[in-house]
Each structure stands twice: as structure tokens, then as C-alpha cells.
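Coordinates in review
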Amino acid sequence: MEPSTDVPGLTLHAPGGRSYRFDPGALCLELLPTGGYARYAAYEVLHTPEDLVRWAGESRLPGGLSLSVSAKELVRAHELRGALWNLTADRAHGRALDRSDLAVVNAVAAEPPLVPRIDPGSGSLAVAPDATGAALLSTVARDAVELFTGPYAGRIRECGSDSCKLLFVDTSRPGRRRWCAMERCGNLHKVRAHRARHSPKGT
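Predicted model, so just to flag it, every value in this text is computed and none were measured.

With that settled, consider the environment of Ala109. In this structure, Ala109 sits in helix 4 (residues 99-109). Sequence-wise, Ala109 and Leu137 are 28 residues apart; in three dimensions their C-alpha atoms are separated by 7.5 Å.

Right, dumping it as C-alpha cells:
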């Protein structure tokens, strides 16, 4: 991942090395592409507390975040991410939400969150200094609570590509988003469909 721009979302890298912009539509879902367990372990990027600090700076949180993260808080981040992976995938596929995963999210959300403030210099949204990893994770978990209980809960989806499992919430007005990113899976689908239409029959 790379530093955020004015456009929400993260810069990810495909297996071939090509970068693309992925906007999952919510802060809590930005945590998922950092890796995970089982099949997602190969994509792990949160190896140290500093990695979690770096992710926070690349996320849709306000810039200039002054944050310290402990080793224990990094472990908690992995636990929260695992629960969010399960819950988001279950919601995307219409399955019942697991109580143990919900318990993890609720417990993390119960901690004090990051404190928003108005930056004295720019007048823009900022976060109070000397924040902790626990406050960061609480903010992420509270974002998940709002997502899963709010108006977009029914728009949580998995990318339409058979080879991609990225999860997002469709916040577009028409609600027809199918792909993690048009420049990646959307374009691949278009190319394959074009080839299928123009290939000789029987080949």
C-alpha cells in the first residue's frame, strides 16, 4: 500500500506488480487488504506496530495522525481484522453473522476512540495527538458497527471476479458496483468478454 491521496481508498498491488486504486467504501474495510489468516496470510503487511501506524496514515482517517502502537495492540488488530473478514464475507453472501466475531468487534468498539478536533492552523478535521493503537482500533470497530447496522448494510459485496475476494460496500447512487476496481477486475472482465465474443466458434 502507498500513502493516501485526496481520493478515498488504498493503492494496492496485483500479483504481477501492477498497482491499482481500491476504495472499499468504509474505514473498517480498508483494514482487510492488509492480510489475514489462511489463504490471506500471503498478503500480510502488518508485521510490526509501525506497520499499523503506517496503515493508519494511508487510510481515510485525517492526515497528520500522531499515533503509538504496542505489540499487544498489533495482536488485537489482527484479531479485529479476522472478525471483520468473516463478518463482511458473511454479509456479502447472505449468511448469518457469527456471534464470536460480533463479540470481538463489540469489545474493541467499547474502548475509547480517536478524538476528532478542528486543526487550529487549517481549520480542517484532525485527530487529537498522542493517540493509542487501542483508540485507533476502537474507531475502526465503531465504523464497522455503523456499517453493519446502517443504510448500506445490504450493499456489502465481494468482487464479482472468480479470482478476487476483495470486499467492499457499494456507496454509489445506482448501487450497481460489481468490481473491486474497474482498472483491475472490471477491465479484465471486459477483455475476456470481448475475446469470447470475437473468438471463432469451436476454439
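Further notes follow.
Those residues of helix 2 (residues 49-58) that sit buried are Pro49, Asp51, Leu52, Trp55, Ala56 and Glu58. On its buried side, helix 2 packs onto strand 1 (10-13), helix 1 (27-30), strand 3 (67-68), helix 3 (71-92) and helix 5 (133-149).

Two elements in contact, helix 4 and helix 5, have axes whose closest approach is 7 Å; the angle formed by their N-to-C orientations is 125°. It follows from the interaxial angle that helix 4 and helix 5 lie oblique. Considering only the axes of helix 4 and helix 5, their crossing is left-handed. Across the interface between the two elements, Val105, Asn106, Val108 and Ala109 of helix 4 pack against Leu137, Ser138, Ala141, Arg142, Ala144 and Val145 of helix 5.

Under the definition given, this model contains 8 salt bridges. Linking Asp23 and Arg60 is a salt bridge whose minimum nitrogen-to-oxygen distance equals 2.4 Å. Taken as a pair, Asp23 in the loop between strand 2 (19-22) and helix 1 and Arg60 in the loop between helix 2 and strand 3 lie far apart in primary sequence, 37 residues in all. For Asp23, a relative accessible area of 26% puts it in the partly exposed group. In this structure, the salt-bridge partner of Arg95 is Asp90, at a minimum N-O distance of 2.7 Å. One salt-bridge network, held together by shared partners, links Asp23, Glu30 and Arg60.

Residues Leu52, Trp55, Leu80 and Leu84 are the most contacted members of the largest nonpolar core, which totals 39 residues. If you list the elements that add at least two residues to this core, you get helix 1, helix 2, helix 3, helix 4, helix 5 and strand 8 (167-169). Judged by nonpolar contacts, the second largest core, of 12 residues, contains Tyr20, Phe22, Cys164 and Leu166.

Let's shift gears to helix 5. Between its first and last C-alpha, helix 5 extends 24 Å over 17 residues, near the 24 Å set by a 1.5 Å rise per residue. Looking only at helix 5, the buried set comprises Gly133, Ala135, Leu136, Leu137, Ser138, Thr139, Val140, Ala141, Ala144, Leu147 and Phe148.

Let us look at the packing of aromatic side chains. Across all of its chains, the model carries 0 aromatic pairs by this definition. Lying across the ring of Phe168, Arg177 places its NZ or CZ 4.0 Å from the centre.

Glancing now at the environment of Gly133. Summarising the element assignment, Gly133 is placed in helix 5. On a C-alpha basis, the gap between Gly133 and Leu52 in space is 8.2 Å, while along the polypeptide they are 81 residues apart. If near-sequence neighbours (up to four positions away) are discounted, Gly133 is found in contact with Leu67, Ser68, Val69 and Glu73.

Basis of the calculations
Residues numbered from 1 in each chain as written. Predicted model: local features only at pLDDT ≥ 70, side-chain atom pairs only at ≥ 80, totals over all residues. Heavy atoms only, no water. Helix = DSSP H or I, 4+ residues; strand = E, 2+ residues; numbered from the N terminus. Buried < 20%, exposed > 50% of the residue type's maximum accessible area, 1.4 Å probe, protein only. Contact = heavy atoms within 4.5 Å. Axes fitted to C-alpha atoms, helices over the stretch in contact; angles between N-to-C directions. Parallel < 35°, antiparallel > 145°, perpendicular 65-115°, else oblique. Left-handed = near helix turned anticlockwise from the far one by under 90°. Salt bridge = Lys/Arg side-chain N within 4 Å of Asp/Glu carboxyl O. Core = buried A, V, L, I, M, F, W, Y, C linked by side-chain atoms within 4.5 Å. Expected span 1.5 Å × (residues − 1). Phe/Tyr/Trp six-rings, centres within 6.5 Å; stacked < 30°, edge-to-face > 60°. Lys NZ or Arg CZ within 6 Å of the ring centre and 35° of its normal.

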